[in-house]
Amino acid sequence: MQAALRQHLGGARWALRVSEAALRPRCVGPASPPAPRCWSCGGPVPSAAGLPHFCPGCRALQPPGPRPDLFRLMDCDRSFRLDVQRLQRRFRSLQRALHPDRFGQRPPKEQHYSEQHSSLVNKAYQTLLNPLSRGLYLLELNGVEPAQETDCDADSEFLMEIMEINEKLAESKNEDSLEETETLIKVKREELTKEVTAAFERDDLQEAKKLLAKMKYFANLEDKLKNKKMPS
């Protein structure tokens, strides 16, 4: 009798444990995102990590991804030191493949994607080609706040130098004096570019930020010089 009772109680406890386990929430991992599909034919499209790509089935151009890495898009190393010729070759190659003129007979949606890609390629090229915008973009990728001209306000010697160049530019009355000022600005900009390169290569992002702030002053001086040289 006691043996039968113990067997009955054991079965009841086992049933209770099973029911409790069924009620406990299960840990389910995050669902994997659905595989991308072609907007035109609906077929599967391999992920291209933001790079321009075509559907392998119907060859339709796919839309650009959100916030692509401009270095990756232009097939360049993520570095301040840049192979300009490599950048230019990639730019020409992408523009040949994606220019809106090549999609004149395609559906309106694909024409729109072509315009988006072409605009993005132009933006990437201009951003990486210019040392100042390239440096600012690298800071952004590394989570550093953008460099502002106020970042170098404590450097009184540098600010005095900028003031003197501004005065020299304002007083320039002929082509020779303008060329002299232009050469001075170019030399100073090249010196800063070398310093920024060294700062990035030793991973000193705060120093790179200060130097890029100085480069902004010289970018403004270059704009003033261009306006001064324009015929009135």
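Please read these numbers as outputs of a predicted model, since none were measured by experiment. (Residues numbered from 1 in each chain as written. Predicted model: local features only at pLDDT ≥ 70, side-chain atom pairs only at ≥ 80, totals over all residues. Heavy atoms only, no water.)

In total, this model carries six aromatic pairs according to the counting rule given. Aromatic side chains phenylalanine 91 and tyrosine 125 sit 4.1 Å apart centroid to centroid with 20° between the ring planes, which places their arrangement in the stacked category. Linking phenylalanine 91 in helix α3 (residues 84–98) with tyrosine 125 in helix α4 (residues 108–129), this pair joins segments that are 34 residues apart in sequence. Considering the side-chain rings of phenylalanine 158 and tyrosine 217, the 5.6 Å spacing of their centres and the 80° angle between planes classify their relative orientation as edge-to-face. With phenylalanine 158 in helix α6 (residues 156–171) and tyrosine 217 in helix α8 (residues 205–229), the pair connects residues that are 59 residues apart, well separated along the chain. A connected cluster of aromatic rings, assembled from ring pairs, spans Phe158, Tyr217 and Phe218. If you follow arginine 134 out to its NZ or CZ, it ends over the ring of phenylalanine 80, 4.7 Å from the centre. (Phe/Tyr/Trp six-rings, centres within 6.5 Å; stacked < 30°, edge-to-face > 60°. Helix = DSSP H or I, 4+ residues; strand = E, 2+ residues; numbered from the N terminus. Lys NZ or Arg CZ within 6 Å of the ring centre and 35° of its normal.)

Quick look at the state of the cysteines now. Each disulfide consists of a covalent bond between the sulfur atoms of two cysteine residues. The final tally for this structure, using the stated rule, is zero disulfides. The cysteine cysteine 38 is free of any disulfide, with cysteine 58 supplying the nearest cysteine sulfur at 3.6 Å. For cysteine 58, a relative accessible area of 29% corresponds to the partly exposed category. (Disulfide = S-S within 2.5 Å. Buried < 20%, exposed > 50% of the residue type's maximum accessible area, 1.4 Å probe, protein only.)

Taking 1.5 Å of rise per residue, the 22 residues of α4 would be expected to cover 32 Å, and the 32 Å separating its terminal C-alpha atoms lies within 8% of that figure. What α4 keeps buried is the set Glu110, Tyr113, Ser114, His117, Ser118, Leu120, Val121, Ala124, Tyr125, Thr127 and Leu128. Considering only its buried residues, α4 is in contact with α2 (70–73), α3 and α5 (131–141). (Expected span 1.5 Å × (residues − 1). Contact = heavy atoms within 4.5 Å.)

To continue, consider the pattern of salt bridges. Following the criterion strictly, the structure yields ten salt bridges and no others. One salt bridge connects glutamate 201 with arginine 81, and the closest N-O pair in it is separated by 2.6 Å. One end of the pair, glutamate 201, is in helix α7 (residues 175–201); the other, arginine 81, is in the loop between α2 and α3, with 120 residues separating them in the sequence. When sorted by exposure, glutamate 201 lands in the same class as arginine 81, which is exposed. Glutamate 180 serves as the salt-bridge partner of lysine 168, at 3.2 Å between the closest nitrogen and oxygen. One end of the pair, lysine 168, is in helix α6; the other, glutamate 180, is in helix α7, with twelve residues separating them in the sequence. Accessibility expressed as a relative area gives 31% for lysine 168, which makes it partly exposed. Classification of glutamate 180 by relative accessible area gives partly exposed; the value is 46%. (Salt bridge = Lys/Arg side-chain N within 4 Å of Asp/Glu carboxyl O.)

In this section: the environment of arginine 81. On the accessibility criterion, arginine 81 (54% relative accessible area) is exposed. For the pair arginine 81 and glycine 135, spaced 54 residues apart in sequence, the C-alpha to C-alpha distance is 9.7 Å. Those residues in contact with arginine 81 that lie beyond four places of it in its chain are Thr197 and Glu201. Only 2.6 Å separates the side chain of arginine 81 from the side chain of glutamate 201, close enough to count as a polar contact. (Polar contact = N/O pair within 3.5 Å; in protein donor to acceptor, adjacent residues only side chain to side chain.)

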